[in-house]
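So the chains spell out like this:
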Amino acid sequence: MSNYKKLIIAVDLSEDSAAVAESAKGLIAGTGAELHLIHVIEPLSFAYGGDIPMDFSGIQDEIHQQAAQQLGRFGEQYGIAPERQHIVLGRPEVEIHSKAEEIGADLIVVGSHGRYGLALLMGSTANGVLHGATCDVLAVRVGSKKKS
């Protein structure tokens, strides 16, 4: 039986997010623990820097609207109320820590890929979440499994 009372599930809204949510739900099944979702949108200016003289606000707004719709559907699928679904703009590990502290989470659940190829990005996010968290962190292995 889990001692966790409030969990925050960090999702990137990829197909791997379901595995992360399923693990969190399984961990607290029947305990009455409160689930929250967080999806962090990295500002386009982080990716493109200040070197490109473009206004990204329209594109950023569209990304936010699409993410809100996806997160709403995802949250509904897992029985997570809209007021417990959080979309924030910033660096994933920083924003996940901030929201976890704000809501008083005692566990952060995040997906983690292996440390190779394109999966390095999510792996580094999970690593950043793990090393800066003030509560427990569960890293759920997602994506390609290591072949034996």
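Refer to the structure above for everything that follows.
My aim in this report is to walk through the structure given alongside it, one point at a time. (Residues numbered from 1 in each chain as written. Predicted model: local features only at pLDDT ≥ 70, side-chain atom pairs only at ≥ 80, totals over all residues. Heavy atoms only, no water.)

1. With respect to the overall build of the chain
Of regular secondary structure, the chain possesses five helices and five strands. Across the 148 residues that make up the chain, the buried fraction comes to 40%. For the chain, restricting intrachain contacts to residue pairs at least 6 apart in sequence, the fraction spanning at least 24 positions comes to 75%. Carbon and sulfur atoms make up 52% of the accessible area of the chain, which totals about 8500 Å². (Helix = DSSP H or I, 4+ residues; strand = E, 2+ residues; numbered from the N terminus. Buried < 20%, exposed > 50% of the residue type's maximum accessible area, 1.4 Å probe, protein only. Contact = heavy atoms within 4.5 Å. Areas by Shrake-Rupley, 256 points an atom, 1.4 Å probe, with all protein chains shown as cover.)

2. Here's the deal with the nonpolar core
In this structure, L7, I9, V11, L35, L37, F74 and V109 are the most contacted members of the largest nonpolar core, which totals 21 residues. Of all the elements in the fold, those that place two or more residues in this core are β1 (6-10), α1 (17-28), β2 (34-41), α3 (57-77) and β4 (107-112). Among the elements that take part in this core, α1 stands out by supplying four residues, more than any other. (Core = buried A, V, L, I, M, F, W, Y, C linked by side-chain atoms within 4.5 Å.)

3. Quick word on the packing of aromatic side chains
With the rule as written, the count across this model stands at one aromatic pair. Their ring planes at 45° and their centres at 4.9 Å tell us that F74 and Y78 sit as a pair that is tilted. (Phe/Tyr/Trp six-rings, centres within 6.5 Å; stacked < 30°, edge-to-face > 60°.)

4. What to know about the sheet that holds strand β5 (residues 136-141)
The strand order across the open sheet formed by five strands is β3-β2-β1-β4-β5, and the pairing between neighbours is parallel. Edge positions in the sheet fall to β3 (85-89) and β5, since each of these pairs with one other strand and no more. Taken over all neighbouring pairs, the strand axes of this sheet differ in orientation by 25° on average, direction set aside. When β4 meets β5, the two strands line up parallel, connected through six bridges. When the sheet's bridge partners are listed, V110 is paired in β5 with A139. (Pairing = 2+ DSSP bridges. Axes fitted to C-alpha atoms, helices over the stretch in contact; angles between N-to-C directions.)

5. Topic: the pattern of salt bridges
Counted under the stated rule, the structure contains four salt bridges. With its nearest N and O atoms 3.3 Å apart, the salt bridge here joins R84 to E34. Taken together, the residues R84 in the loop between α3 and β3 and E34 in strand β2 connect sequence positions 50 residues apart. What makes R84 partly exposed here is its relative accessible area of 30%. Judged by its relative accessible area of 22%, E34 is partly exposed. Put simply, E42 and R91 hold a salt bridge, and the shortest N to O gap is 3.9 Å. With a gap of 49 residues between them, E42 in the loop between β2 and α2 (44-48) and R91 in the loop between β3 and α4 (92-103) connect regions that are remote in the sequence. Classification of R91 by relative accessible area gives partly exposed; the value is 40%. One salt-bridge network, held together by shared partners, links K6, E34 and R84. (Salt bridge = Lys/Arg side-chain N within 4 Å of Asp/Glu carboxyl O.)

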